[in-house]
Each structure stands twice: as structure tokens, then as C-alpha cells.
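So the chains spell out like this:
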Amino acid sequence: MAPTGEGVEKMNEEDRVNSSDYEHDIEKDVNEEIGRYRSGSGLSDRNMAHSKPLLVKRTNTTSQIAIVGANLCPIESLDYETFDNEILKKDWRSRKKVEIIQYVMLKWVFALLIGLGTGLVGFFNSFAVENIAGFKLLMTTNLISKHRYLEAFLAYAGVNICLAAAAAALCAFIAPAAAGSGIPEVKAYLNGVDAHHILAPSTLFVKIFGSILGVSAGFVVGKEGPMVHTGACIASLLGQGGSRKYHLTCPWLRYFKNDPDRRDMITCGAAAGVAAAFRAPVGGVLFALEEAASWWRSSLLWRTFFTTAVVAIVLRVAIQFCATGKCGLFGEGGLIMYDVSSPNITYSVSDMLAVLLLGAIAGILGSIYNYLVDKVVRTYSVINEKGAAFKISLVVTIALLTSCCFYFLPWIANCSPCPSGSTVSCPSLDESGEYKSFQCPPGYYNDLASLFLNTNDDAIRNLFSPRIIKEFHISSLFIYFATIYFLGIITYGIAIPSGLFIPVILAGACYGRLFGRLVESMTKLDRGLFALLGAASFLGGTMRMTVSLCVILLELTNDLLLLPLVMLVLLVSKTVADNFNKGVYDQILKIKGLPYLEAHAEPYMRNLVTRDVLSGPLITFSGIEKVGNILHALNATRHNGFPVIDEPPFSDAPELCGLVLRSHLLVLLKEKIFSRNRGFSESILHIISSLDFGKAGSGKGIKLEDLDIQEEEMDMYVDLHPITNASPYTVVETMSLAKAAVIFRQHGLRHMCVVPKSQGRPPVVGILTRHDFMPEHVLGLYPDIKAHKWQ
């Protein structure tokens, strides 16, 4: 079976540490193996990356080496494991109580800052979109009211195309990583995968302004997914602890320059993003718990809850300020976006049957939606790879198609007389309203125009509204549903920041209202309630979340009486859809080639043991190693972890001393703490501190090119013991691969040492990394095993 996620094969030559049952001289081993790959096999680096794994057996039948080609790519794993070396131990022992209290308090200060920043950005996004889109719609409505229909279309389409082209240009030229939702990337980062520039300041800038431009351009996209990515970027920026370049850093800020603390802050940022987008603080916490985070603990729960509470307060203050009329077209509102409240919600058996049918059909439609999105995104990725001009052209094409659909489809609908006794003006006179006159005479409205010529949020509000009973004709609802369903599929994947929540809610709300009209003879439930249940069922059918979506929808509508029905449709739609394919974010993770580790191992992994997926050769260092050997290994490979083995006379027999990271070796080599004699060095503990190992932000760490090693220093020795993790996670070579995968994922590891079962062999036989647990890699080694996965 060929790998389906190409990024998995590209992923991590950086993390790969290959294995063998023999010890090798480093320089000879590396030269021989790399020479064999590049010349003996007749493959270039590029061809080798896409070749299938090749098993090469030695003449000695007691062992074999699995040689796997891997392309170099800026995707690498994160170090979520707590590194336990002598320098870090010394640092923790020397910390005073006041420093520990300061460290804990700073975590809460950062949570406060993340909440403030994300809340302000969320308000700014809504403020900008409402004013830009409102101005566009007012201009179009005024031209239509004067019967200048062609000018109205040219103005409407022209503004949309300009906004879309600007959003695409930002993504194409400044931050390509900002395109799309961003939720899959954040989910992958919290799982332990760091892709290039996904949390960079440039990505944050483009995510904010690109999202505003894209949503204002009338695309069937939302700003909710990008807000999750925005919150994560804000948290990551704070987590970098300042900037050495601009002298904006302090020693106490540098305590946060590590992957575990940055992971916790990004989790808070993702939750804050949902809270700011939906004005649902509790839903944001549950979203981070259910969908985003791979590791969770009670202390993180408290900080995440505090962060989303800050977001809710910021939004409430901002909205109260706008209620005074100082925010232009951004109207009055509150933390409740949609009103579907009903004075009395009761339901019978026939109502429950209708709701069950609604959820089942939505599960099927949601799985079809995911399937088509998968195909479209794969197609667009081929187009986008051709360059910025193709990216912008594709965006402009979709913008023109969307503008044509939104402007010309309302002409199909018939004009309907305004309902008597309506509590709102009919026809609507402002940029948003429930009764758009469009081309209709006075006293009449166009129901399709009321949906198409509105912002996405206002269209959802109209569909959810309990005040509108039969004002939307069945034919109009069907046309609108088919259009939004189609446009939502073909829009996702273009080079603009775009979320999936609003398109799915919009299609689901229309589907629910249409379903309610079709079954009105057997149920008395409110049409607005059916719209909400349709949106919930569509969300469950596409995104496969339950608890967080349920709470988010309840916070949006402020009606706990809806809880049983919302829970029911979510469970039914998710159960039905799971029989066909995975959730949309899981599919996009695979398309992007992000090696996401699931919480459970694949069933066929129970038939394999850890040594079955090891590949060679293994590159190890002695506890006291030559500088030249270390430098040559770092030059010849991109491995990020190396086992350290003590040998006589420093130990009675060869034994595993621990694991040393590439980044730590670079720090040690840069400080040039060398010795001409092969012996232990105590000076390292006084020269290097744990702060020197702090992770730099945005790829500004020490690189191999920064080292200045002289020729006479190559034969000197360096003591690796102080920087070696003396307690790495180890598993025996006969452990089930499934069990090892669960341990690897639960502990957030980057490297897992494999030790021999019997004595008289080298103390370590290989290292497992994220790549070794990926199904594409395992099935590439054993293509026939999947047929027997249930055994």
C-alpha cells in the first residue's frame, strides 16, 4: 500500500535515529551508509525520498538493516518530554522559592495576556467584517433600489474580487502557512509536530487581515477556524519569551522557552480563539479538551478556563461600547449571537423520530461533504504549487463564481407579500434584514435575497429566527442549501484564511429548516429549532465532535431546553458519518502530510514488535567523545537524538548512559568546553546553564554553520554526561508495537530507546521516533499485514 500522506515520508530525517545490532565507528559508518544510498543504489536524494522501503539483509543471518529513504522537510517533532540532565537538575536545585512563585504567577499572567489579545483581535475581526461587508451590501442595495441592476452587480462583484485578491496576495507573498482554517495545524502542533512557520508572527498578521478580507469578500467561509489559529499564534509569540535581537527579553521570561510550557500556552490560545469567535467561553475550553489538545491535566484546565473568561469579559465590554453607536455598522449585540428561544419546548414520539431522521440524513450528507472537500483540497494543492499567480487566479475565479451565484440566483425567486403583523420592517431598509426587497415592488420581499445578500452571520440569524415561520419557501431553501453546500466545498482549500464552521452551520441551518418544512405534518417543533438541530447535525457529521459542539451551540442560543435534542442529533449524525470516513480535520491533516499520532494504535500493530520497524544504522556517541566525531555526525545526518554509551574504563561494561539532543550538542560545541585528555569535566556545570538550552523562536537557534571549530580542536574531547538525558524512555525490543505507540503518544515523546532483551549485545539496538509509528511507514514495510489486522 502506497503512503497517502506525502508529508509523512518527507517528515523527519531530523528525528530518525536508525538502528543496528552492532556498534560502528561514527565516521566510517556514516560515510559508508550515505555513500551507499547516494551512489550504490543509483538514487538521488530526491528519488530516494519517494522510493519504497528496501530491506537489505547482511551476510550474517543474525541481523538485518532496514534502509528507509526520507526526504528532508521542515516538519519535525517537538520535545514535550521533560529532559533530565545534570545542568537542568542543578538549575532546579538552585532556584529560590521566590523564583518558583514567580514562574507560577507568570503562567497566569500569560493566560491573562492571551485572553486579552485574542479577545481584542476577535472583536476587531467582527468590527471590520461588519463594516466592510455592510458598506458593500448597502451600496449594492441602494443601486438595486434605483433599478441600476448592472451597476449593482459590477459594484458587488468588483468589491468582492478586490477583497479576495488582496487576501490571496497576503497568503501567497507573505505567509502561505496562513491559508486555510489553521485548526489542523494547531491540532498537529499540540500533538507534537512543528511545521514551518505555522505560528510565526507573519502568519499571525496574515491570519488576522486575510480572514477579514476573505469573509468580507462574501466567500462561504468563516472567521472561527482562523481565530483558533490566531489565538495559538498570539500564545506562541508570548511563549517565545521576548526577543534577544531587540533586547526585549529578561532571564525570568526565558524560563518559558521550552516546548512543554509553550504547548500549554498554545492550548490556552486555541481555547481563547473559539471563545472569541463564538462568544462561547465554556465551549472554547471543551473544544481544546476534545479536539485540539493531545495531553491534558487539571492545572491546564484552570488556566484555560481563566483565559476564556478573560475573552468573554473583553467581548462584553467591547460590545457594550459599540451599543452607543460608535462602531459604525457593527450593531448592538451580546454574548448570545442567535435567538431560537421558544416560550414552550415540548416534544412527542413523532418529534423524536423526526429528529432521529434529521440526524441520520445529516450524517450521510456530512460524510459526503468531507469526501468532496478531500478531493477538492487535493486538486487545489496541485494548482497552488504552481506559484503565487495561480493561487491568486484561483481565488479570484471562486470569488467571481460566488458573486454570480449570490447576485443572480435571487432573480429565480418570486416576490412574496410582506407578512401581516410582522414585528420588523418589511421590506428591510438596512444592509442586513429578514425581508430584502431586491427587485420586488413596495410591500413585497425576495426570500432568496434575504439569505444571499447578507453576511453569513446574518443569514444564519435569519434561518434560526423563530419569528419567521413560512416566509422562506421550500424551493428557495432548497436552492440556498444546494448553493451553500456546493460553494462551501469548492471554496475550502483556496489560498485565503478560511474556516469551516460557518459554512457547515449555514448549510446545516438551511437543511434543518427545509427538513422542518417537509415534515411539518408530523411534528410541531419550531422551524427555527429545526434550523438549529440541522446545524448541530451537520457539525457532527463533518467535524465529528460532540460535547464541545453541544455546549457551543447552547451558548450561542442561550436555551438549555434544547440540550436533549442537540445531544441526540449530534450523537446520531456522528455515529452515522463515522461509518463512511473520518472527520474533516483528520482528513486535512493527512492531506497536509502532518504526522498526527492517534490516541489509539492501529489494530495490526499488535502483530508487530518494536524491532520490526527499526531501521539502520544506529549512530551513537561515547560518554566522552571526540569533537571531530560529533561534528562529522551532525554534518552527515539531520538526526535530532543520539544515544550516549559509556564503555570501559568509564564503566565495567558497555551501558546506556542516556540520550543527547542535537540542539544541546550545538550549544556545547559553540561554548568550546573541550579537553585534550579523555576524562570527566566539571567546568561545564559552571559555564552552561539551563537557560542556554532555551528554545529560540522562529528558527533563530544555533545552527551548524554558526560553529567555528578549528582543525586542532577536532581531536580534542568533550564530556557529554552533563547534557545527557540520564533517564530516557526505553522499551524492550520484543514489546508490542501497539503498546509502544500508546506509551509514545501518552508521554509526548520525541525519541524512545529500544534495548535488547538478551545480554551480551549492545545496550541499545535502536530508537523509535514518530515516523516509525505512522501507518504509512509500517504498511510500507509490511504491505500484506493489513489484511490480517483483526487477528
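Residues numbered from 1 in each chain as written. Predicted model: local features only at pLDDT ≥ 70, side-chain atom pairs only at ≥ 80, totals over all residues. Heavy atoms only, no water.

Draft legend 1. A look at empty space enclosed by the protein. Under the counting rule described, the total for this entry stands at 3 cavities of 30 Å³ or more. In this structure, the largest cavity occupies an estimated 160 Å³ of space. Looking at the lining of the largest cavity, the elements that each hand over two or more residues are helix H5 (97-145), helix H8 (201-216) and helix H16 (456-464). Here the lining of the largest cavity gets 5 residues from one element, more than from any other, and that element is H5. For the lining of the largest cavity, the residue count by class is 9 nonpolar, 6 polar and 5 charged. (1 Å grid on protein atoms, 1.4 Å probe; cavity = no way out; pocket = protein on both sides within 12 Å on 5 of 7 lines; lining within 4 Å. Points joined across faces, edges and corners; volume = space filled by probe spheres on them. Helix = DSSP H or I, 4+ residues; strand = E, 2+ residues; numbered from the N terminus. Nonpolar A, V, L, I, M, F, W, Y, C, P; charged D, E, K, R; others polar.)

Draft legend 2. Inspection of the packing of aromatic side chains at higher detail. Scanning all chains against the criterion turns up 25 aromatic pairs. With a centroid separation of 6.2 Å and 80 degrees between ring planes, the pair formed by Tyr 485 and Phe 538 is classed as edge-to-face. Highlighted residues: Tyr 485 in helix H17 (residues 474-491) and Phe 538 in helix H19 (residues 527-543), separated in sequence by 53 residues. By the burial criterion, Tyr 485 is buried, and Phe 538 matches it. Aromatic pair Phe 621 and Phe 642: ring centres 4.9 Å apart, planes at 35 degrees, arrangement tilted. Of this pair, Phe 621 sits in strand S7 (residues 621-622) while Phe 642 sits in strand S9 (residues 641-646), and the two are 21 residues apart along the sequence. For the residue pair Phe 621 and Phe 642, the accessibility class agrees, reading buried in each case. A connected cluster of aromatic rings, assembled from ring pairs, spans Tyr 369, Phe 481, Tyr 485, Tyr 511, Phe 515, Phe 530 and Phe 538. (Phe/Tyr/Trp six-rings, centres within 6.5 Å; stacked < 30°, edge-to-face > 60°. Buried < 20%, exposed > 50% of the residue type's maximum accessible area, 1.4 Å probe, protein only.)

Draft legend 3. Local environment of the state of the cysteines. On inspection of all chains with the given rule, the structure shows 2 disulfides. Between the sulfur atoms of Cys 322 and its disulfide mate Cys 327 the distance is 2.0 Å. Here Cys 322 and Cys 327 share a disulfide; its torsion about the S-S bond, -75 degrees, makes the bridge left-handed. Like Cys 322, the residue Cys 327 is buried in the burial classification. (Disulfide = S-S within 2.5 Å.)

Draft legend 4. Representation of the packing of H19 against helix H21 (residues 563-578) in the model. Interhelical geometry of H19 versus H21 gives an angle of 35 degrees and a closest axis separation of 8 Å. In the crossing of H19 with H21, the sense of the turn from one axis to the other is right-handed. Contacts between H19 and H21 involve Leu 529, Leu 532, Leu 533, Ala 536, Ser 537, Gly 540 and Gly 541 from the first element and Leu 565, Val 566, Val 569, Leu 570, Ser 573, Lys 574 and Ala 577 from the second. Of the residues assigned to the contact of H19 with H21, the class counts are 9 nonpolar, 4 polar and 1 charged. (Axes fitted to C-alpha atoms, helices over the stretch in contact; angles between N-to-C directions. Left-handed = near helix turned anticlockwise from the far one by under 90°. Contact = heavy atoms within 4.5 Å.)

Draft legend 5. A look at the nonpolar core. Core analysis: the biggest nonpolar cluster contains 164 residues, and Phe 219, Tyr 480 and Phe 501 have the highest contact counts within it. Not counting residues up to four positions away in its chain, the partners in contact with Tyr 480 are Leu 448, Leu 451, Phe 452, Ala 459, Leu 463, Leu 506 and Cys 510. (Core = buried A, V, L, I, M, F, W, Y, C linked by side-chain atoms within 4.5 Å.)

Draft legend 6. Inspection of the pairing of strand S10 (residues 655-661) at higher detail. For S10, the tally of buried residues reaches 5 of 7 residues, placing the bulk of the element in the interior. Summarising the sheet, S9 and S10 pair through 6 bridges and their orientation is antiparallel. Looking at S10, one finds that Phe 642 is bridged to Val 660. (Pairing = 2+ DSSP bridges.)

Draft legend 7. Region of the structure containing the confidence of the model for the chain. Looking at the chain as a whole, the pLDDT averages 82, with 83% of positions reaching at least 70. Within the chain, the lowest mean pLDDT, 28, falls on strand S2 (residues 64-67), and the highest, 96, falls on helix H14 (residues 388-408). In this model residues 1-73 is a low-confidence stretch, pLDDT under 50, and it forms 164 contacts with partners more than four residues away in sequence or in other chains. Here residues 787-791 is a poorly scored stretch, pLDDT under 50, and it has 7 contacts once near neighbours within four places are set aside; other chains count. (pLDDT = per-residue confidence, 0-100.)

Draft legend 8. Broad picture of the sheet that holds S9. Read from one edge of the open sheet, 3 strands run S7-S9-S10, paired in mixed fashion. Single-partner strands in this sheet number two, and they are S7 and S10. Contacts from helix H24 (residues 662-671) reach S7, S9 and S10 within the one sheet, and its direction differs from that of S10 by about 80 degrees.

Draft legend 9. Main features of a nonpolar patch on the surface. Residues Trp 92, Ile 100, Val 104, Trp 108 and Trp 302 make up a contiguous nonpolar surface patch of about 530 Å² in total accessible area. No other element matches the 3 residues that H5 contributes to the nonpolar patch. By the element assignment, Trp 92 lies in helix H4 (residues 86-94). (Patch = residues over 30% accessible without salt bridge, like charges linked within 9 Å, V, L, I, M, F, W, Y side chains within 5 Å. Areas by Shrake-Rupley, 256 points an atom, 1.4 Å probe, with all protein chains shown as cover. Salt bridge = Lys/Arg side-chain N within 4 Å of Asp/Glu carboxyl O.)

Draft legend 10. Spatial organisation of the side chain of Asn 581. Within the secondary structure, Asn 581 sits in the loop between H21 and helix H22 (584-591). At a separation of 2.9 Å, a polar atom in the side chain of Asn 581 contacts the main-chain carbonyl oxygen of Ser 367. (Polar contact = N/O pair within 3.5 Å; in protein donor to acceptor, adjacent residues only side chain to side chain.)

Draft legend 11. Spatial organisation of the sheet that holds strand S14 (residues 766-768). As summarised here, the arrangement of the 3 strands in space is S12-S13-S14, forming an open sheet in which the pairing is mixed. Here the strands that pair on one side only, and so sit at the sheet edges, are strand S12 (730-732) and S14. In this sheet, neighbouring strand axes are inclined to one another by 35 degrees on average, regardless of whether the strands run parallel or antiparallel.

Draft legend 12. Focus on the environment of Ile 183. If you trace the backbone, Ile 183 turns up in helix H7 (residues 183-191). The buried category is assigned to Ile 183, whose relative accessible area is 2%. Distance in space between the C-alpha atoms of Ile 183 and Val 228 is 6.4 Å, their sequence separation being 45 residues. The contact partners of Ile 183, leaving out residues within four places of it in the chain, are Gly 225, Val 228, Phe 287, Phe 501 and Tyr 585.

Draft legend 13. Structural detail: the pairing of strand S13 (residues 752-755). Residues Met 752 and Val 754 of S13 are buried on one face, and the alternating residues Cys 753 and Val 755, pointing to the opposite face, are buried as well. Strand direction decides the pairing type here: S13 and S14, joined by 3 bridges, are antiparallel. Paired with Met 752 across the two strands is Leu 768, which belongs to S14.

Draft legend 14. How the structure looks around the environment of Tyr 604. Within the element layout of this structure, Tyr 604 appears in the loop between H22 and S7. Of the residues examined, Tyr 604 reaches a relative accessible area of 2% and is grouped as buried. Taking C-alpha positions, Tyr 604 is 6.8 Å from Ile 785, a pair spaced 181 residues apart along the chain.

Draft legend 15. Examining the pattern of salt bridges more closely. Inspection of every chain in the model, using the stated rule, returns 19 salt bridges. Residue Lys 592 is joined to Glu 185 by a salt bridge in which the shortest nitrogen-to-oxygen separation is 3.1 Å. You can see Lys 592 sitting in the loop between H22 and S7 and its partner Glu 185 sitting in helix H7, a full 407 residues away along the chain. Classification of Lys 592 as partly exposed rests on a relative accessible area of 38%.

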